[in-house]
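Here's the letter readout for the chains.
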Amino acid sequence: MHTIMNIVPQIEIKRLAIKLRPIGEKMVKKGHPWVFADSIIKQNSDGNAGDLAIVYDKKANNIIAIGLYDPVSPIRIKLIQFKKAVQIDSKWFQTRILESYTIRKPLLKTDTNSYRLIFGENDHMPGFIADVYDTVLVVKLYSHIWFPYLNDIIPRLIDQTGCTTAVLRLSRALQTSEKTYNLYDGQVIYGILENEVVIFREHGVLFSANVIKGHKTGYFLDHRDNRKHVGLISKGKTVLDVFSYAGGFSVHALAGGANEVISLDISRQALKMAEENAALNHHSGKHSIIVADAFDGLQKLINNGNQFDVIVIDPPSFAKKELEVSKAKNSYARLARLGAKLIKPNGTLVLASCSSRVTSEDFFEISEQNILKEGKKYTLLKKTYHDIDHPITFPEGAYLKCGYYQVT
Ligand code: SAH
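Conventions adopted
- Residues numbered from 1 in each chain as written.
- Predicted model: local features only at pLDDT ≥ 70, side-chain atom pairs only at ≥ 80, totals over all residues.
- Heavy atoms only, no water.
- Phe/Tyr/Trp six-rings, centres within 6.5 Å; stacked < 30°, edge-to-face > 60°.
- Buried < 20%, exposed > 50% of the residue type's maximum accessible area, 1.4 Å probe, protein only.
- Helix = DSSP H or I, 4+ residues; strand = E, 2+ residues; numbered from the N terminus.
- Lys NZ or Arg CZ within 6 Å of the ring centre and 35° of its normal.
- Arc of directions from axis to C-beta.
- Contact = heavy atoms within 4.5 Å.
- Polar contact = N/O pair within 3.5 Å; in protein donor to acceptor, adjacent residues only side chain to side chain.
- Pairing = 2+ DSSP bridges.
- Axes fitted to C-alpha atoms, helices over the stretch in contact; angles between N-to-C directions.
- Right-handed = clockwise from strand over helix to strand, strands pointing away.
- Salt bridge = Lys/Arg side-chain N within 4 Å of Asp/Glu carboxyl O.
- Near = heavy atom within 4 Å.
- Areas by Shrake-Rupley, 256 points an atom, 1.4 Å probe, with all protein chains shown as cover.
- Nonpolar A, V, L, I, M, F, W, Y, C, P; charged D, E, K, R; others polar.

K.L.:
Would you mind going over the packing of aromatic side chains with me for this structure?
P.N.:
Between two aromatic rings, the relevant description is the distance of the centres plus the angle of the planes. Enumeration according to the criterion identifies 21 aromatic pairs in this entry. Measuring from ring centre to ring centre gives 6.3 Å for W146 and Y149, while their planes differ by 70°; the resulting arrangement is edge-to-face. Both residues of the pair, W146 and Y149, count as buried. Taken together, a centroid distance of 5.1 Å and an interplanar angle of 70° make the contact between F200 and Y219 edge-to-face. Of this pair, F200 sits in strand β12 (residues 197-202) while Y219 sits in the loop between β13 (205-210) and α5 (224-233), placing them 19 residues apart in sequence. Y219 shares its class with F200; the two are buried. In textbook terms, an aromatic cluster arises when at least three aromatic residues are bridged by ring pairs, as seen for F243, F318, Y332, F363, F364 and Y385. Note that R227 overlies the ring of F249, its terminal NZ or CZ placed 5.8 Å from the centroid. The ring centre of Y404 lies 5.2 Å from the NZ or CZ of K382, which sits over that ring.

K.L.:
What should I look at first to understand helix α8 (residues 294-303) in this one?
P.N.:
Residue pairs three or four apart in sequence face the same way in an α-helix, which turns once every 3.6 residues. Burial in α8 covers these residues: A294, F295, G297, L298, L301 and I302. The arc enclosing the buried residues of α8, seen along the axis, measures out at 165°, which places them on a common side. Looking at α8, the residues exposed on the side facing more than 90 degrees away from the buried face are K300 and N303. The inward-facing, buried residues of α8 contact β14 (238-242), β15 (260-265), β16 (286-291), β17 (308-313) and α9 (325-342). Capping of α8 at its N-terminal end is provided by D293; its side-chain oxygen lies 3.2 Å from the backbone amide nitrogen of F295. In the stretch just after α8, G305 is the one whose phi turns positive, near 80°.

K.L.:
Looking at this structure, how should I read the sheet that holds strand β4 (residues 52-56)?
P.N.:
Strands belonging to one sheet form pairs held by backbone hydrogen bonds; the direction of such a pair is parallel or antiparallel. Read from one edge to the other, the open sheet built from 6 strands follows the order β2-β6-β5-β4-β1-β3, with strand pairing classed as mixed. Looking along the sheet, the strands with just one partner apiece sit at the ends: β2 (34-36) and β3 (40-43). Within this sheet the neighbouring strands show an average axis-to-axis angle of 35°, counted without direction. Relative to strand β6 (residues 75-82), strand β5 (residues 63-69) is paired through 5 bridges, and the arrangement is antiparallel.

K.L.:
Help me out: how do you make sense of the environment of D152 in this one?
P.N.:
Tracing the backbone shows D152 in helix α3 (residues 150-161). For D152, a relative accessible area of 26% puts it in the partly exposed group. Separated by 184 residues in the primary sequence, D152 and A336 have C-alpha atoms spaced 47 Å apart. Filtering out sequence-adjacent residues up to four positions away, D152 remains in contact with D89, S90 and F93.

K.L.:
Whenever I open this one, the sheet that holds β16 confuses me. Can you help?
P.N.:
What the 7 strands build is an open sheet, ordered β16-β15-β14-β17-β18-β20-β19; its pairing is mixed. Each edge of the sheet is formed by a strand with only one pairing partner; in this case those strands are β16 and β19 (378-384). When strand polarity is set aside, the average angle formed by the axes of neighbouring strands in this sheet is 15°. In terms of strand pairing, β19 meets strand β20 (residues 401-407) through 6 bridges, oriented antiparallel.

K.L.:
I'm lost on the pairing of β15 in this one. Help?
P.N.:
Within a regular strand, the side chains alternate between the two sheet faces. Most of β15 sits out of view: 5 of its 6 residues are buried. Of the strand pairs in this sheet, β14 and β15 are connected by 5 bridges, and their pairing is parallel. Note that in β15 the partner of T238 across the bridge is E260. Once you follow β14 into helix α6 (residues 248-255) and on to β15, the crossover reads as right-handed. Sheet topology note: the β15/β16 ladder contains 6 bridges and is parallel. For L264, the partnering residue across the bridge sits in β16 and is I290.

K.L.:
Explanation requested: the side chain of S234 in the structure shown.
P.N.:
Its location among the elements puts S234 in the loop between α5 and β14. Filtering out sequence-adjacent residues up to four positions away, S234 remains in contact with V239, A253, G256, G257 and A258.

K.L.:
Got a minute to help me understand the pattern of salt bridges in this structure?
P.N.:
Opposite charge on two side chains permits them to pair, given that their charged atoms come into close proximity. Here the structure, examined in full by the defined rule, presents 20 salt bridges. For K78, the salt bridge goes to D70, with nearest N and O atoms at 2.6 Å. With relative accessibility at 10%, the residue K78 sits in the buried group. Taking the relative accessible area as the measure of exposure, D70 reaches 4% and is therefore buried. Salt-bridge contacts for R116 lead to D131; the nearest nitrogen and oxygen are separated by 2.7 Å. In this pair, R116 sits in strand β7 (residues 114-119) while D131 sits in strand β8 (residues 128-133), placing the two residues 15 residues apart along the sequence. Of the two residues examined, R116 and D131, each falls in the buried class. Ionic contacts of the salt-bridge type, sharing partners, join the residues E25, K29 and D57 into one network.

K.L.:
Explanation requested: the site of the ligand in the structure shown.
P.N.:
In the vicinity of the ligand lie 14 residues, with R227, D265, D293, A294 and D314 positioned nearest. At 3.1 Å, a backbone N or O of I266 approaches a nitrogen atom of the ligand. In this structure, D293 approaches the ligand through a side-chain N or O atom, which is 2.8 Å from a nitrogen atom. Coverage of the ligand by the protein chains reaches 86% of its 580 Å² of free accessible surface. Residues belonging to the shell around the ligand are distributed by class as follows: 8 nonpolar, 2 polar and 4 charged.

In structure tokens form, the structure reads like this:
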């Protein structure tokens with residue numbers, strides 16, 4: 001049986017016929033999901049958010065892609081379907097969602113009940129995120145284009161995941177918009193949310209997320225595999241988790257048998273979550289917190305003569321704009337050097353970046369050069385990228401990279 005829902009009133013959508021400049025057309029034919037406003041050379045009428053933009057080959061006049069029109073974004077069309085002309089309806093979304101679910105199946109065979117089912121462009125739904133925490137589905141929208149389709153999509157997500165509750169989260173831009181059809185950030189759009197703090201499992205380790213007030217959808221799922229790995233190497237070790245947020249790495253380290261773990265973050269609230277998450281799991285190691293700016297906090301630990309067997313440094317994105325890239329690289333360099341100073345001989349330094357504007361090549365190069373600049377040597381143990389529930393289908397979709405270095 002199909003779940004039927006009326007989250008939004010019926011929103012009329014038009015079909016727009018679009019033609020592009022040669023460069024834009026070439027990108028579309030390669031499967032890139034973005035069409036910038038300045039590459040549109042023909043459009044048969046004005047468009048509203050979510051109108052179906054049918055892109056035609058300039059010469060041959062056949063359909064090359066279908067997207068959703070976004071009048072307020074420089075990325076004017078977000079493509080969802082390539083090559084073939086198809087009907088974008090409830091059935092199309094059902095097939096789309098099933099394909100995404102199939103990619104995640106191996107992960108769901110592990111002791112994990114939290115995953116990203118829809119990862120925006122990478123699952124052919126630009127600006128649409130769907131995360132599952134146990135039986136709670138959290139949908140986060142970054143664009144108006146999705147409102148006309150919510151009545152088709154949300155029930156299909158519910159049917160596919162078996163979730164009993166759905167929460168809607170809206171990006172900051174949408175929260176201040178008037179065109180949200182009375183939907184609001186943190187709204188429970190299906191079922192009952194008994195507690196806004198939801199408990200879930202990640203490779204056998206328990207965590208909680210505040211799905212109403214937490215960052216993004218409440219938690220960062222992308223590092224799952226790295227956290228598991230840190231858990232596996234932490235037995236009997238001292239571990240420092242810098243930019244710990246809710247303790248993703250710290251709690252895996254504790255559950256993995258670490259003797260002592262320090263979570264360091266600038267946010268006291270995040271560290272409170274880290275403590276609560278640690279308390280959800282059986283562990284005998286000591287957990288302490290440091291509320292500090294990472295650069296100051298690391299320098300203080302160095303001044304005190306502290307050293308750690310395992311150090312994880314996973315900062316927020318330092319380059320949200322192109323202009324910030326060189327400053328971001330400088331910050332990565334400083335963090336690598338601070339980490340190299342604090343690591344015990346033969347310890348493992350784990351350096352991560354989630355800035356999509358800093359390439360993985362540049363990030364690894366910066367990390368490695370700066371370990372060397374500290375007069376240390378390293379063995380590269382491994383480089384990792386996104387976990388499988390964050391597939392990458394276009395260059396800008398890749399943001400996460402993580403290097404493991406044994407430092408001597
Ligand atoms: N490692 C985490 C995710 C990190 S998110 C995980 O595995 O889930 C980034 C975190 O950096 C946030 O918790 C934020 O509070 C913190 N942060 C931002 N700027 C900081 C700074 N200058 N010093 C320390 N922490 C900072």
